[in-house]
Amino acid sequence: MGIIAREYRHMDDFYREYILDYYRNPRNRGVIEAPDYTYEDSNPLCGDEIRMDLRVRDGVVEEVKFSGRGCAISQASASMLTEMVEGRPLEEVKQISKEDMLETLGITLTPVRVKCALLGLKVLKSSIYGLPVPDEDEP
Amino acid sequence: MTETITDTRALDAQAVRRDFPILQQETNGKRLVYLDSGATSQKPSAVIEALDEYYRTYNANVHRGVYRISELASERYEKSRVKVQRFVNARSSREIIFTANVTASLNMVAYTWGRANVSRDDVIVFTEMEHHSNIVPWQILSGMTGARLEFIHVTDDGYLNEEDVERALELRPKLLAVTAVSNVLGTINPIKELVARFHEVGTTVVVDAAQAVPHMPVDVREWDADFVGFTAHKMLGPTGLGVLCGRRELLEAMPPFMGGGDMIREVHLDRTRYNELPWKFEAGTPNIAGVIGLGVAVDYLSELGMDRVRAHERELVAYAMEQLAEVPDLRLFGPPPKDHGAAVSFTLADIHPHDLAHILDQENVCVRAGHHCAQPLMERYDIAATTRASFYIYNDRDDVDALVEALHKARKIFML
Ligand SMILES: Cc1ncc(COP(=O)(O)O)c(C=O)c1O
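Residues numbered from 1 in each chain as written. Chains lettered and ligands numbered in written order. Predicted model: local features only at pLDDT ≥ 70, side-chain atom pairs only at ≥ 80, totals over all residues. Heavy atoms only, no water.

A word on the side chain of N395 of chain B. Residue and element names in this part refer to chain B. Mapped onto the elements, N395 comes out in the loop between β17 (386–390) and α14 (397–413). Here the side chain of N395 touches Y392 through a polar contact of 2.8 Å, landing on its backbone nitrogen. Looking at N395, its side chain comes within polar contact range of the side chain of D399, at 3.0 Å. When near neighbours in sequence (up to four residues on either side) are disregarded, N395 contacts A13, Y34, L35, H312, L316 and S390. (Helix = DSSP H or I, 4+ residues; strand = E, 2+ residues; numbered from the N terminus. Polar contact = N/O pair within 3.5 Å; in protein donor to acceptor, adjacent residues only side chain to side chain. Contact = heavy atoms within 4.5 Å.)

Okay, structure coming up:
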């Protein structure tokens, strides 16, 4: 039971108020007409879908929108991610790590749900590189 | 569909529960409320012990050795086939073919019977409520042969659309693929009636009975379908084992699926004479322990009595649907309890099923969330996913109550 008990330790503060707020009132939800960068992907396990659209000027992310559907964790973290990248140089956006994303999300996730939280970041990076990037949590 | 329950002694779920080691454990002081038997059932001690006994005391290949333990393994393996035959009332044990799972059973029909019998001018019909394993093989077959695909859609309350059935009959399709019980909506389809109607226009009928054989009396002779597939792990048996029950004349006429050991009578460098049924379709070393385990699972179910299993689940599903309907913002799918198998799907307000399943898991309630390998059905109801509770012989009203209580907790967490 040890392993199971450990994973469940942080469950109580999983669905914090701000996560639900991002889920129900997402920032930067929508699509960009003729975006400079766009990508769409899904999490085959649970069917969460995310699309990211970016408009970039002089190497800086001027506008970013996300769309799709899925669980609270995937949708809230995608929305938070758009806020993280808006107005930042593309080169900096490329450096955003899994740890950065999880820290911003601010909750401890079980391994399965980490995939939900990182889907937005995966799609964002795929859009910039123009090709699918490996899962952020793959070793 | 009308049912006559002949055995009226109620099933004692408490007693049944004691036979399942996994259900004895607790996590954080909470008992395991397992409501995902639609995905795979739990296994009673008798089945687990039968696997153990085989590997410990008579592990040997079948149909080969002349020594004692090999003979014993062969004997138990073939005895299981007879048990399965009797369980579904097939005409002969030669009509019972062991496969890897029901997916393999359905694919076998597509690749052997399908490739030999379906051609460009033919129509293949399946329903909107099929599991992907009863959709994709027919799409592949259509791709290989050029046959056209047609569909029977479902109504808002989860029944097959009668107008589509009539339209399909007019097309005189070569093949109808239909599930006996929907793994998402729970709908029990009128198989006997469908088979009779489609046989009249010359259609071969394949039935996916994965959600029927574990849960209700199934008589394949009464159904009269041409092929019936089911899977051991949903009926107390081990994983990695399925059954294809086929009409003998069709199986005799069909080319083999895979070539190799066991499926041959004699092999020369340039030609082979195939083995008789059912071994013609069982190439290579089979899942020996699995088959023996399935035999024990079938004994266990027979002892309970499938009439009682159905009565128990029907009562439990009626109770569950009634209780779930009381939860605010909960949307139930599928037909009313009288036509409803063991699976109940629902959505709750704007809580995504994965979040919901996650919260329920904190209460040690195991449910399935997602598209349940039935994406066309999700599209039909314009939803991304559902949460599904599915019941079996070891579940009782306490499990339903635990589910409902956990749903109220989820509403609170989501501030509804
Ligand atoms: C109706 C139905 N058909 C087919 C399957 C596939 O079963 P298996 O994975 O054992 O082949 C399932 C189970 O997931 C099912 O519920």
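The interface of chain B with chain A comprises 19 residues on the first partner and 22 residues on the second. Here chain B packs against chain A, burying approximately 1700 Å² in sum over the two surfaces, 55% of which is carbon and sulfur. Our count for the contact surface shared by chain B and chain A stands at two salt bridges. Run the count over chain B and chain A and you get eight residue pairs in polar contact (both at pLDDT 80 or more). Elements that contribute at least two residues to the side of chain B that touches chain A include exactly β1 (26–27) and α12 (353–362) of chain B. Residue composition of the side of chain B that touches chain A, by class: eight nonpolar, seven polar and four charged. (Buried area = accessible area lost by both parts, 1.4 Å probe. Salt bridge = Lys/Arg side-chain N within 4 Å of Asp/Glu carboxyl O. Nonpolar A, V, L, I, M, F, W, Y, C, P; charged D, E, K, R; others polar.)

Quick look at the site of the ligand now. Residue and element names in this part refer to chain B. Around the ligand there are 13 residues in total, and T103, D208, Q211, H233 and K234 lie nearest to it. For the ligand, a nitrogen atom lies 2.5 Å from a polar atom in the side chain of D208. Calculation on the ligand without its partners gives an accessible area of 400 Å², and the protein chains cover 87% of this total. (Near = heavy atom within 4 Å. Areas by Shrake-Rupley, 256 points an atom, 1.4 Å probe, with all protein chains shown as cover.)

Counting 79 residues, the largest nonpolar core has V207, L294 and I393 of chain B as the members making the most contacts within it. Not counting the four nearest positions on each side in its chain, V207 of chain B is found in contact with V178, A180, I191, W223, A225, F227, V228 and G229 of chain B. Y22, Y23 and M101 of chain A together with V33 of chain B belong to the second largest nonpolar core, which has 70 residues in total. (Core = buried A, V, L, I, M, F, W, Y, C linked by side-chain atoms within 4.5 Å. Buried < 20%, exposed > 50% of the residue type's maximum accessible area, 1.4 Å probe, protein only.)

Residue and element names in this part refer to chain B. Their axes nearest at 9 Å, the elements α12 and α14 cross at an angle of 120°. What the angle tells us is that α12 and α14 run oblique. Relative to α14, α12 is oriented so that their crossing is right-handed. Along its contact with α12, which presents L356, I359 and L360, the element α14 presents L403, A406, L407, A410 and I413. (Axes fitted to C-alpha atoms, helices over the stretch in contact; angles between N-to-C directions. Parallel < 35°, antiparallel > 145°, perpendicular 65-115°, else oblique. Left-handed = near helix turned anticlockwise from the far one by under 90°.)

All names here are of chain A. Read from one edge of the open sheet, three strands run β1-β2-β3, paired in antiparallel fashion. A single partner strand is all that each edge strand has here, and the edge strands are β1 (37–42) and β3 (60–69). Between one strand axis and the next, the sheet turns by 15° as a mean value, whatever way the strands run. For strand β2 (residues 49–57) and β3, the ladder comprises nine bridges, and the chain directions are antiparallel. Across the sheet, V56 pairs through a bridge with V61, a residue of β3. (Pairing = 2+ DSSP bridges.)

With 16 residues, helix α4 (residues 102–117) of chain B extends 21 Å between its outermost C-alpha atoms, agreeing within 8% with the 22 Å of an ideal straight helix rising 1.5 Å per residue. For α4 of chain B, the set of buried residues is V102, S105, L106, N107, M108, V109, A110, T112, W113 and G114 of chain B. (Expected span 1.5 Å × (residues − 1).)

Below, the discussion takes up the domain arrangement of chain B. One frequent convention defines the size of an interface as the accessible area lost when the parts assemble. Residues and elements named next belong to chain B. Split into domains, chain B comes out as domain 1 (13–44 + 305–413) and domain 2 (47–302). Between the C-alpha centres of domain 1 and domain 2 there is a distance of 27 Å. Each partner contributes residues to the interface: domain 1 has 43 residues there, and domain 2 has 37 residues. In this assembly, domain 1 packs against domain 2 so that about 3200 Å² is buried in total across both faces, 57% of it on carbon and sulfur atoms. Taken together, the connections running from domain 1 to domain 2 amount to two salt bridges. Counting across the domain 1 and domain 2 interface gives 28 residue pairs in polar contact (both at pLDDT 80 or more). Residue assignment for the side of domain 1 that touches domain 2 shows that the elements contributing at least two residues are α11 (306–325), β14 (343–348), α13 (375–380) and β17. (Domains from an automatic or database assignment.)

On to the pattern of salt bridges. Residues and elements named next belong to chain B. By the definition in use, this model includes 40 salt bridges over all chains. Taking the shortest distance from any N to any O, the salt bridge between E150 and R148 comes out at 3.1 Å. A single salt-bridge network, built from bridges that share partners, covers R17, R31, D396 and D399.

Residue and element names in this part refer to chain B. Taking strand neighbours across the sheet as the criterion, the seven strands line up as β4-β10-β9-β8-β7-β5-β6 in an open arrangement whose pairing is mixed. Two strands in the sheet have a free side with no partner beyond their single neighbour: β4 (96–99) and β6 (148–152). Here the average twist between neighbouring strands, direction ignored, is 20°. The sheet contact formed by strand β8 (residues 204–208) and strand β9 (residues 227–231) spans three bridges and is parallel. Considered in β9, the bridge of V207 is made with V228. Against the sheet, α4 engages β4, β7 (175–179), β8, β9 and β10 (242–246), with an angle of about 150° to β9.

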